[in-house]
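# A structural walkthrough
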Amino acid sequence: MNIRPYEEQDRKVVIALWNQCGLVAPQNDPNKDIDRKLKVDADLFLVGVVGNEVVATVMGGYEGHRGWINYLAVSPDHQRKGYGQTIMKAVEGLILAKGCPKINLQVRNTNQTVIAFYNAIGYGNDQVVSLGKRFENDN
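The rules behind these values
Residues numbered from 1 in each chain as written. Predicted model: local features only at pLDDT ≥ 70, side-chain atom pairs only at ≥ 80, totals over all residues. Heavy atoms only, no water. Helix = DSSP H or I, 4+ residues; strand = E, 2+ residues; numbered from the N terminus. Rg over C-alpha atoms; globule rule 2.2 N^0.38 Å. Buried < 20%, exposed > 50% of the residue type's maximum accessible area, 1.4 Å probe, protein only. Contact = heavy atoms within 4.5 Å. Areas by Shrake-Rupley, 256 points an atom, 1.4 Å probe, with all protein chains shown as cover. Lys, Arg positive; Asp, Glu negative; His and termini not counted. Charge placed at Lys NZ, Arg CZ, Asp CG, Glu CD. Salt bridge = Lys/Arg side-chain N within 4 Å of Asp/Glu carboxyl O. Pairing = 2+ DSSP bridges. Axes fitted to C-alpha atoms, helices over the stretch in contact; angles between N-to-C directions.

- The name an unreviewed UniProt entry gives the chain is Ribosomal protein S18 acetylase RimI-like enzyme, with Marinomonas alcarazii as the organism.

Written out as structure tokens, the structure reads:
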């Protein structure tokens, strides 16, 4: 798998992949999420490509205190080949190079398979409660 920055030509296939992986929530418009990401740290939005096919994505972020991971997706047809770990290592390296001391991410507590994946690559439960306040509902 080759990893490269997201390109606008990837938009439709990336959104299709996110839908296939169950990452699109009703309150989030994936087009708006991409547009927002491209305005801030666009270099941390990566895609993994096998042949000519986008098979993985990850959006990283760093706001000066903590790094964040969003939209990690690997095509179900390409899972269990190490692609998730590979693209995570790539984005972690980019975030670390910005001076980030710690990366946070959020996983729905019902998604035990994904929690197990993150545990296996060194992420643990920080025993915190995630709170949020929505300013815009995309739907």
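Following the structure, the description resumes.
## Considering the overall build of the chain
- Summing up its helical and strand segments, the chain has four helices and five strands in all.
- Taking 2.2 N^0.38 as the reference for a compact globule, 139 residues should give roughly 14 Å; the C-alpha atoms of the chain span a radius of gyration of 14 Å, in line with that estimate.
- By principal-axis analysis of the C-alpha atoms, the chain measures approximately 40 × 35 × 30 Å.
- Residues classed as buried in the chain amount to 34% of the 139 residues present.
- Long-range contacts, defined as pairs at least 24 residues apart, comprise 65% of the intrachain contacts of the chain with a sequence gap of at least 6.
- Accessible surface computed for the chain: about 8600 Å², of which carbon and sulfur atoms make up 50%.
- Of the side-chain charges in the chain, 16 are positive and 15 negative, and the distance between the mean point of each set is 4 Å.

## Quick look at the pattern of salt bridges
- Summed over all chains, the structure comprises eight salt bridges.
- Here Asp-10 and Arg-4 are joined by a salt bridge, their closest N and O atoms 2.8 Å apart.
- A salt bridge links Asp-126 to Lys-102; its shortest N-O distance comes to 2.6 Å. Here Asp-126 is found in the segment after α4 (112-120), whereas its partner Lys-102 is found in the loop between α3 (83-97) and β5 (103-105), with 24 residues between them in sequence.
- Under the relative-accessibility criterion, Lys-102 is labelled partly exposed at 28%.
- Beyond isolated ion pairs, a larger network of salt bridges with shared partners links Arg-4, Glu-7 and Asp-10.

## Considering the side chain of His-78
- If you trace the backbone, His-78 turns up in the loop between β4 (67-74) and α3.
- Among the residues examined, His-78 registers a relative accessible area of 11% and is labelled buried.

## Some details on the environment of Val-114
- Mapped onto the elements, Val-114 comes out in helix α4.
- We classify Val-114 as partly exposed; its relative accessible area is 29%.
- Measuring from C-alpha to C-alpha, the distance between Val-114 and Asn-104 comes to 14 Å, with ten residues separating the pair along the chain.

## Structural notes on the sheet that holds strand β1 (residues 2-5)
- Spatial ordering of the open sheet is given by β1-β2-β3-β4-β5, a layout of five strands whose pairing is mixed. Each edge of the sheet is formed by a strand with only one pairing partner; in this case those strands are β1 and β5. Looking at each pair of strands side by side, their axes are set apart by 30° on average, direction ignored.
- Judged from the four bridges that link them, β1 and strand β2 (residues 45-50) form a sheet pairing that is antiparallel. Pairing of Pro-5 across the sheet is with Leu-46, part of β2.
- The strands touched by helix α2 (residues 30-39) within the sheet are β2, β3 (53-62) and β4, with β3 carrying the most contacts at an inclination of about 55°.

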